[in-house]
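Remarks on the overall topology
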Amino acid sequence: MLITNGTVVTLGAENQIIENGAVYIKRDKIVDIGKTNHLTAKYPNAEKLDAHGKIVMPGSVVGHTHFYGAFARGMAIPGPAPKNFQQILENLWWKIDRALTLEDCRLSALVCLVDAIRNGTTTLIDHHASPNAIDGSLDAIADAVLKSGLRASLCYEVTDRNGPAGAKAGIRENVRFIKKVKSQEPEVKNLIAGSFGLHASFTVSDKTLEQSLAAVEGLDSGFHIHVGEDISDEDDSLSKYGMRVVDRLHARGILGPKSIAVHCVRADVGEIELLRQTKTHVAHNPRSNMNNAVGIADILGMLRRGVNVGLGNDGFSNNHFQEMKFAYLVHKATRRDPRVMDAVQVLQMAYANNAKIAQVFWKPKVGELSVGAFADIILLDYVPFTPLTAGNFPWQLIFGIDGTHVTHTICAGKLLMKDRQLLTLDEEAIAAKAKEAAKKVWKKVQAM
């Protein structure tokens, strides 16, 4: 496929904006980028997609999400409004996940994948929980991802909050799925990857951590875990183990260049240094942190010290442009300093840094348009009314561009949405089935 007549925004190490630009795709990779007249002459027989002047840029990458939480939208939380993070978990999320069946897992994933395609998000790092439907849950989600045509890394959150049998089942599901993915054909492995999920330090005992470490031996896998999201996580670790959360995870061998530490809201200077030394990736989720009132991580300090901090949504919408805007604003408000967290830093987290997280699972690059990168490309009908340059693009994105501008979504060279019409998923049918499933989930939650 040859995309022609676009305003190509490459991002990457040397962001370029190519007017009347073109991108040539062969199978699932980008083969060539340049001016439309040059590439049209070079590839005269290529199937063409005329961008008609639209922005042509990389698909968004989400560093951490929860497909399983889709049915929480609009649901009334039983009882009084939660007044702290622990109550939010106990009254909402730990009821929702226990209510899910395997079919619910598949449907909730499909709902999120529709949202991702519509908003130009092409790669997602998911973290799943369904304590009463553990075995095969990652297969159910993977089937939805493959049907959508998007790319996702999946894991199951191991926790002790559902007893020893639940912890062992979670370990078993992670190991089974990681092994299964490694045995798949390349076209599947380029879209689906596996990691080893852990919930959080305060719900995972040393014994379960030891069992998890033993289980991943020889699998070439890291861990995906919530870290210091709330002060209660740090308090728990200090009271039980005499050390802070990151210190504990480091001492138990959980950190490393293939691991993702989510949130790190309460990480202090010493913990940040351990994250840097171990090359552990961090996923920042500003909308979730604000919604749960847990505080805002020292992301600026992490970036300054060389920690790779990407941007996730923690189960919020897959309109990743919204997450970028919140990341841009919240640190200014928290620091009371308009100079901090500029648009260039936000863009770095959302694309280059998230691409580094994605490269834990897939070697071809994402988050940029370059020769050899995955052909994950979106078209947007954003029409700037001020000059658009490589230098000011980050601010155009923060103050102008949104997921609602996306008209076409391409992942791995396959067109998933054309002129805002989904091609791989039946949005209306999915919504109808999800609505019926959500009613049953809500009823179970109310009865708990």
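So, here's what we can say about the structure.

Here is what the cut-offs are and how they apply
Residues numbered from 1 in each chain as written. Predicted model: local features only at pLDDT ≥ 70, side-chain atom pairs only at ≥ 80, totals over all residues. Heavy atoms only, no water. Phe/Tyr/Trp six-rings, centres within 6.5 Å; stacked < 30°, edge-to-face > 60°. Helix = DSSP H or I, 4+ residues; strand = E, 2+ residues; numbered from the N terminus. Buried < 20%, exposed > 50% of the residue type's maximum accessible area, 1.4 Å probe, protein only. Lys NZ or Arg CZ within 6 Å of the ring centre and 35° of its normal. Expected span 1.5 Å × (residues − 1). Pairing = 2+ DSSP bridges.

**Side note on the packing of aromatic side chains**
The geometry of two aromatic rings is summed up by the distance between their centres and the angle between their planes. Within the structure shown, the criterion is met by six aromatic pairs. A ring pair is formed by Tyr24 and Tyr43, whose centres lie 3.9 Å apart and whose planes are at 20 degrees; its orientation type is stacked. Of this pair, Tyr24 sits in strand S2 (residues 17–26) while Tyr43 sits in the loop between helix H1 (36–42) and strand S4 (48–50), and the two are 19 residues apart along the sequence. Take Tyr24 and Tyr43: they sit in the same class, and that class is buried. Ring geometry for Tyr328 and Phe399: centres 5.5 Å apart, planes at 85 degrees, overall edge-to-face. Of this pair, Tyr328 sits in helix H13 (residues 320–335) while Phe399 is found in helix H15 (residues 393–399), placing the two residues 71 residues apart along the sequence. A cation over a ring is seen here: Lys332 above Tyr328, with NZ or CZ 3.7 Å from the ring centre.

**Details of H13**
Each full turn of the α-helix corresponds to 3.6 residues, which orients residues three or four apart in the same direction. When the terminal C-alpha atoms of H13 are compared, their 23 Å separation across 16 residues agrees well with the 22 Å that a helix rising 1.5 Å per residue should span. Listed as buried for H13 are His320, Phe321, Glu323, Met324, Lys325, Ala327, Tyr328, Val330, His331 and Lys332. A positive backbone phi angle near 55 degrees is found at Arg336, which sits one or two residues after H13.

**Description of the pairing of strand S16 (residues 377–380)**
In S16, alternate side chains face the same way, and those of Ile377 and Leu379 on one face and Ile378 and Leu380 on the other are all buried. Of the strand pairs in this sheet, strand S5 (residues 55–58) and S16 are connected by four bridges, and their pairing is antiparallel. Bridge assignment links Val56 to a residue of S16, and that residue is Leu379. With four bridges connecting them, S16 and strand S17 (residues 406–411) associate as antiparallel partners. For Leu379, the partnering residue across the bridge sits in S17 and is His408.

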